[in-house]
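Report on the structure
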Amino acid sequence: MSDTPIRIKTISQFHTLRGLPKPKHPLISVINFEDMAPALESGKQSLIFDFYMISVKRDMNHKYRYGQQDYDFDEGVMFCMAPHQILSVIREEHGKNPSGWMMMIHPDFLWNTPMASAIRKYEFFDYSVNEALFLSEDEEIKIQQITENIKQEYQTNIDKFSQNIIISQLETLLNYSERFYQRQFITRHKAHHQFLEKLEALLNDYFERDDFKEKGLPSVQFLSDELNMSPQYMRSLLKTLTGQTTQQHIHEKVIEIAKEKLSTTELSISEIAYELGFEHSQSFSKLFKAKTDVSPLEFRKSFN
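These remarks concern the structure in this document. (Residues numbered from 1 in each chain as written. Predicted model: local features only at pLDDT ≥ 70, side-chain atom pairs only at ≥ 80, totals over all residues. Heavy atoms only, no water.)

Some remarks on the overall build of the protein
Under the convention used in this document: Only runs of H or I of at least four residues qualify as helices and only runs of E of at least two qualify as strands under DSSP, and these elements are numbered from the N terminus. The cut-offs for exposure are 20% and 50% of the maximum accessible area for each residue type, with area from a 1.4 Å probe on protein chains only; residues under the lower value are buried, those over the upper are exposed, and the others partly exposed. Note on contacts: a residue pair is in contact if any heavy atoms of the two residues lie within 4.5 Å. What sets the accessible areas is the Shrake-Rupley method with a 1.4 Å probe; for residues, cover comes only from the shown protein chains.
Looking only at helices and strands, the protein has 13 helices and 10 strands in total. Scored against the burial criterion, the 304 residues of the protein give a buried share of 45%. Counting only contacts in the protein whose residues sit at least 6 apart along the sequence, the fraction spanning at least 24 positions is 73%. For the protein, the exposed surface amounts to about 16000 Å²; the carbon and sulfur share of it is 48%.

Shown next as structure tokens:
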């Protein structure tokens, strides 16, 4: 099977590709995976969708690769994709369809509604698949009910009220999904404790490298790549666990090291700024003052 991505521009095109009847509505569709024709080829296939996708899958005997991660869907999980992301599927020979469902929403359906811009605030559309949402039984029932309401609306009541009703239901579904993601952040204590430990070790290692002074402060993208998670997911997770964004967390680490150098060494402010990866000492002093309410020099004097 070719690894050249197949671009799927319309929902109708996807229906045709998977042997489904023509969609009831050209811009939104909910399908059950059991209704799709099984893929005839085994191997790897990459897909690019020009629409939003929300799905709940379980009982899969092939792997998905989304972002940088592989994921095996032995359990039922929910994940979301924004337009133009690449989804790679690795199918086993004689593979069967998973159970569950999939909702597709074309951006044109959201045009001229508040959701056209509001949908971008839901960061989980950019999470990679190992950061998928594990739903409890009650949560899955709630999501399923809303999805069925949307499906019933576009299948039976296409009139001037339909779009607003569906948009309202979609917003409710996304808000519940956001709540469930936050619940998952809070309840997975062990995994998140390990994440914070890894982040701390990564930052410590970075600032101990000989070449970091030339590279400057670690970027959010660098940290997310090293931790195998999307920048958006890392930001959400840190915000929940520490109340800080990733950038704020990096700055806190810089201030921690700066305080140690200011209080235990004779290095000048400029030398400390350079050792922390700042090209200009003024930038370092400005950040230090913003974080501590005192200048680096005032902080140092407090120890003398």
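Next comes the rest of the write-up.
Points about the nonpolar core
A general trend in soluble globular proteins is that nonpolar side chains are found buried together. Worth spelling out the cut-off: Put simply, a nonpolar core is a bunch of buried Ala, Val, Leu, Ile, Met, Phe, Trp, Tyr and Cys residues held in one set by side-chain atoms that sit within 4.5 Å of each other.
The biggest cluster of nonpolar side chains holds 62 residues, and the ones touching the most others in it are Ile54, Phe125 and Leu174. No other element matches the eight residues that helix H5 (residues 162-187) contributes to this core. Each residue touching Leu174, except ones within four places of it in the same chain, is listed here: Ile54, Met115, Ile119, Tyr122, Phe124 and Phe125. One finds Leu47, Met53, Phe79 and Ala132 within the second-largest nonpolar core, a separate group that totals 19 residues.

Overview of the packing of aromatic side chains
Note the following rule: Stacked, edge-to-face and tilted are the three classes for Phe, Tyr and Trp ring pairs, Trp counted by its six-membered ring, which pair at centre distances within 6.5 Å; planes under 30 degrees apart are stacked, over 60 edge-to-face, the rest tilted.
Within this structure, the stated rule accounts for 14 aromatic pairs. Taken together, a centroid distance of 5.9 Å and an interplanar angle of 35 degrees make the contact between Tyr176 and Phe180 tilted. Here the residue Tyr176 and the residue Phe180 both occupy positions in helix H5, the gap between them amounting to four residues, near one helical turn.

Here's the deal with the pairing of strand S7 (residues 77-81)
Across a regular strand the side chains alternate sides, sitting on one face of the sheet and then on the other. This is how it is decided: Note on pairing: two strands pair once DSSP finds at least 2 bridges between them.
In terms of burial, S7 is a largely internal element, five of the five residues being buried. Of the two faces of S7, the one lined by Val77, Phe79 and Met81 and the one lined by Met78 and Cys80 are each fully buried. Relative to S7, strand S4 (residues 52-58) runs antiparallel, the two sharing five bridges. Its bridge partner being in S7, Met53 is matched across the sheet by Met81. Where S7 lies against strand S10 (residues 133-134), two bridges are found, and the strand directions are antiparallel. Across the sheet, the residue bridging to Met78 is Leu133, located in S10.

Digging into the pattern of salt bridges
Pairing between side chains of opposite charge can happen when the charged atoms of each approach one another. The line we're drawing: When a carboxyl oxygen of Asp or Glu is within 4 Å of a side-chain nitrogen of Lys or Arg, the pair counts as a salt bridge.
Per the counting criterion, the structure on display carries seven salt bridges. Notably, a salt bridge pairs Arg183 with Glu139, separated by 2.6 Å at the nearest N-O pair. Note that Arg183 is positioned in helix H5 and Glu139 in helix H4 (residues 137-156), a separation of 44 residues in sequence. Three or more residues are tied together by salt bridges with common partners; here these are Glu200, Lys253 and Glu256.

Re the sheet that holds S4
The strands that make up a sheet pair up through hydrogen bonds in the backbone, lying either parallel or antiparallel. One open sheet accounts for five strands, arranged S2-S9-S4-S7-S10; its pairing is antiparallel. Each edge of the open sheet carries a strand with a single partner, namely strand S2 (28-32) and S10.

Digging into the environment of Phe180
Owing to a relative accessible area of 7%, Phe180 belongs among the buried residues under this scheme. Sequence spacing of Phe180 and Leu133 is 47 residues, and the spatial spacing of their C-alpha atoms is 7.5 Å. If sequence neighbours within four positions are ignored, Phe180 has contacts with Leu133, Leu135, Glu139, Lys142 and Ile143.

A word on the packing of helix H9 (residues 231-242) against helix H10 (residues 246-264)
The test is simple: For helices, the axis comes from a line fit to the C-alpha atoms of the stretch in contact; other axes are also lines fit to C-alpha atoms, and the angle between any two N-to-C directions lies between 0 and 180 degrees. In the scheme used here, Gly and all other residues not listed as nonpolar or charged are polar, with Ala, Val, Leu, Ile, Met, Phe, Trp, Tyr, Cys and Pro taken as nonpolar and Asp, Glu, Lys and Arg as charged.
Following both chains from N to C, one finds H9 and H10 inclined at 65 degrees, their axes separated by 8 Å at the closest point. Contacts between H9 and H10 involve Met234, Arg235, Leu238 and Lys239 from the former and Thr246, Gln248 and His249 from the latter. By residue class, the composition of the contact of H9 with H10 is two nonpolar, three polar and two charged.

Concerning the side chain of Thr246
Note that Thr246 resides in helix H10. Ignoring sequence-local partners within four residues, the contact set of Thr246 consists of Val220, Leu223, Met234, Arg235 and Leu238.

Details of the side chain of Ser55
Formally: Identification of polar contacts relies on pairs of N or O atoms within 3.5 Å, with a donor-acceptor requirement for protein atoms, meaning one able to donate a hydrogen and the other able to accept it, and with residues adjacent in sequence counted only if both atoms are side-chain atoms.
The residue Ser55 is located in strand S4 in this model. For Ser55, a relative accessible area of 0% gives the class buried. Here the side chain of Ser55 touches Lys57 through a polar contact of 2.8 Å, side chain to side chain. Non-local contacts of Ser55, meaning those with residues more than four positions away in its chain, are made with Phe33, Val77, Met78, Phe79, Trp101 and Met102.

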